[in-house]
Every structure is written in C-alpha cells, then in structure tokens.
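Listed here are the chains, written in short residue letters.
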Amino acid sequence: MPDDFRVLIVDDDFHVAKLHATYVDSVAGFLALPPAGSASQALQAIHSLRPDLVLLDVYLPDASGLDLLHQLDVDTVILSAASDAASVRVAFRRGALGYLLKPFTAESLSQQLRSYARYRRILAQPGNLTQETLERAKRALIPGDVTPSARPRSATEAAVLDSLEPGEQYSAAEVAGRVGVSRATAQRYLSALADDGAVEIQLRYGTTGRPEHRYGVPPGAGR
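Computed from a predicted model, the values in this text were never measured in an experiment.

Calculation rules
Residues numbered from 1 in each chain as written. Predicted model: local features only at pLDDT ≥ 70, side-chain atom pairs only at ≥ 80, totals over all residues. Heavy atoms only, no water. Buried < 20%, exposed > 50% of the residue type's maximum accessible area, 1.4 Å probe, protein only. Helix = DSSP H or I, 4+ residues; strand = E, 2+ residues; numbered from the N terminus. Arc of directions from axis to C-beta. Contact = heavy atoms within 4.5 Å. Expected span 1.5 Å × (residues − 1). Polar contact = N/O pair within 3.5 Å; in protein donor to acceptor, adjacent residues only side chain to side chain. Pairing = 2+ DSSP bridges. Axes fitted to C-alpha atoms, helices over the stretch in contact; angles between N-to-C directions. Salt bridge = Lys/Arg side-chain N within 4 Å of Asp/Glu carboxyl O.

Undergrad: Got a minute to help me understand helix α7 (residues 155-162) in this structure?
TA: Three or four residues apart is the spacing at which side chains of an α-helix point the same way, because the helix has 3.6 residues per turn. Buried within α7 are the following residues: Glu 157, Val 160 and Leu 161. The arc enclosing the buried residues of α7, seen along the axis, measures out at 95°, which places them on a common side. In this fold, the buried residues of α7 make contact with α8 (172-179) and α9 (183-195).

Undergrad: What's the story with helix α1 (residues 14-25) in this structure? I'm lost.
TA: Helix length check: α1, at 12 residues, gives a terminal C-alpha distance of 16 Å against a target of 16 Å (1.5 Å per residue), a fit within 8%. Regarding α1, the residues found buried are Ala 17, His 20, Ala 21, Tyr 23 and Val 24. One face of α1 carries all of its buried residues, which in axial projection span an arc of 155°. Structural note: α1 exposes His 15 and Lys 18 on the side pointing more than 90 degrees away from its buried face. Buried residues belonging to α1 abut β1 (5-10), β2 (30-32), β3 (53-56), β4 (75-80) and α5 (106-123). Capping the start of α1, Asp 13 holds a side-chain oxygen 3.0 Å from the backbone nitrogen of His 15, two or three residues further along.

Undergrad: Looking at this structure, how should I read the pairing of strand β6 (residues 200-204)?
TA: Regular strands place their side chains on alternate faces of the sheet. Of the two faces of β6, only the one carrying Ile 201 and Leu 203 is buried; Glu 200, Gln 202 and Arg 204 on the other face are not. Sheet topology places β6 next to strand β7 (residues 212-216); five bridges connect them, and they run antiparallel. Across the sheet, the residue bridging to Gln 202 is Arg 214, located in β7.

Undergrad: Would you mind going over the sheet that holds β3 with me for this structure?
TA: Working definition: the strands of a sheet are paired by backbone hydrogen bonds and lie parallel or antiparallel to each other. One open sheet holds the five strands; their spatial order is β2-β1-β3-β4-β5, and the pairing between them is parallel. The open sheet terminates on both sides in strands that have one partner only, identified here as β2 and β5 (98-101). Within this sheet the neighbouring strands show an average axis-to-axis angle of 25°, counted without direction. Direction of pairing for β1 relative to β3: parallel, over a ladder of four bridges. When the bridges of β3 are listed, Val 10 appears paired with Leu 56.

Undergrad: When you look at unusual backbone geometry in this model, what are you seeing that I'm missing?
TA: Between Lys 102 and Pro 103 the backbone carries a cis peptide bond, its omega angle lying at -5°. By the secondary structure assignment, Pro 103 is in the loop between β5 and α5. Its identity as a non-glycine residue notwithstanding, Arg 50 has a phi of 50°, on the positive side. Given the relative accessible area of 56%, Arg 50 is considered exposed.

Undergrad: Just checking my understanding: could you explain the environment of Ile 46 for this structure?
TA: Note that Ile 46 resides in helix α2 (residues 39-49). Among the residues examined, Ile 46 registers a relative accessible area of 14% and is labelled buried. C-alpha separation for the pair Ile 46 and Val 7, spaced 39 residues apart in sequence, amounts to 10.0 Å. If near-sequence neighbours (up to four positions away) are discounted, Ile 46 is found in contact with Leu 8, Pro 51, Val 54, Leu 72 and Val 74.

Undergrad: Just to check I follow, could you spell out the pattern of salt bridges for this structure?
TA: A pair can form between side chains of opposite charge whenever their charged atoms are brought close. As enumerated under the stated definition, the model contains seven salt bridges in all. For Asp 57, the salt bridge is made with Lys 102, and the minimal N-O distance between the two is 3.3 Å. With Asp 57 in the loop between β3 and α3 (65-69) and Lys 102 in the loop between β5 and α5, this pair connects stretches of sequence that are 45 residues apart. Taking the relative accessible area as the measure of exposure, Asp 57 reaches 5% and is therefore buried. A salt bridge links Arg 94 to Asp 67; the nearest nitrogen and oxygen atoms lie 3.2 Å apart. Of the two residues, Arg 94 is situated in the loop between α4 (85-93) and β5 and Asp 67 in helix α3; the sequence distance between them amounts to 27 residues.

Pasting the structure below:
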C-alpha cells in the first residue's frame, strides 16, 4: 500500500484538535500528526514533520489562519467557524483547497479527505495531464460531486468492479482472488475505480497492526 497522507491539524482548542485527529485517523489512507495550537507551532511542525495536508482554523491565538495560509507551501483545507463571505473568499484566493464550517460531523470531514485523496491520485498519474484529467482533479476536490465515470472500462477493470457485491466490503487480496489477478493489479484497478467514484474505501480495524483497507460499491451506484 502507498504511504498514508500525513495530516497536521492546527487548532488552539486541544479537545477539538484531538476530536478532529480521531476523525482523520478513521479515514482510509490518512494519518493525523500531533496537532499544533498556534500559527508559530504550525510553522515549526510543517518544517519538521512535512505534512501532506494541513487542516487549518482561522481563529488562532497569535495570528489569523488566513494570514498563515498566505505563508504555507502545503495543501490546506480550512476548518473554521468563520462563516462570513469575506473569510471564505480570502481563503480560496490564498490557495485553500476546501472550506469546512464548524461544527461538522465525522462524515463531513471524511468526505473532504476522501475527495482530497482522489485529487492526489488523479494528479499522480504518469505523464503530462490532459485538460480532461485536470478537470477531473478539480471536480474531485468537491465532496459529493464525483459520480461514476462513463468512460469505457477495460475487461479487467470491469471484472474488478463486477466482483464487488453491493453492501459488501472486500480487501484488495479478496478482490484479487475473486477476479484471478495479482493483489497489486487489483489494488491498481480499485484505486482507479475510487478516483471515478465507482468504488468507496473504508477501514477495518483488527486487534493488532495497521487497519485494513476495504472496498465496496457506494449505495445507489450504478455499474
């Protein structure tokens, strides 16, 4: 499996940051780093920990998160109670990839993170991007805006999708066994199907070791 996306939460409320870290750790492919409680701590943590994604509050004790955003060279999503239009416009103008208003549910943040994962996977494809791919990446950042693609599927990709029974969740190894391909091949096609919104990814926690990624067909999705 590829490395998890490392997420830094920047929030001056320790209990809120801890809750959001729990939300992050529950999403397949994401790992919450120790949170930062101020703008200065955030800058230090970004320099030392090199997160893939920052979840940034606007209201910090030593600076505005919007001013901090202007200094960051890392993907950032705003998590804040600041609901005025001016703050939202500034956030997007300064490079925020998303904006989630507090209070929000674990599922809302999960959708935002899964959207970010799709965006990163799409942009990780080898070679130069086409305009179509770029537009897919932009749409992927909007939670709930990804619908199963109508693009033609290869025989193997179709077989992987058809192996997923509605309402059931499978590991990549189980899908590989059902289709008759290697685990790596199944993993590659499952990731592509997740990019298109045809497959969703969840976590299953065992008694030891890392949680297992499980794949299934979203409720109501067509084939």
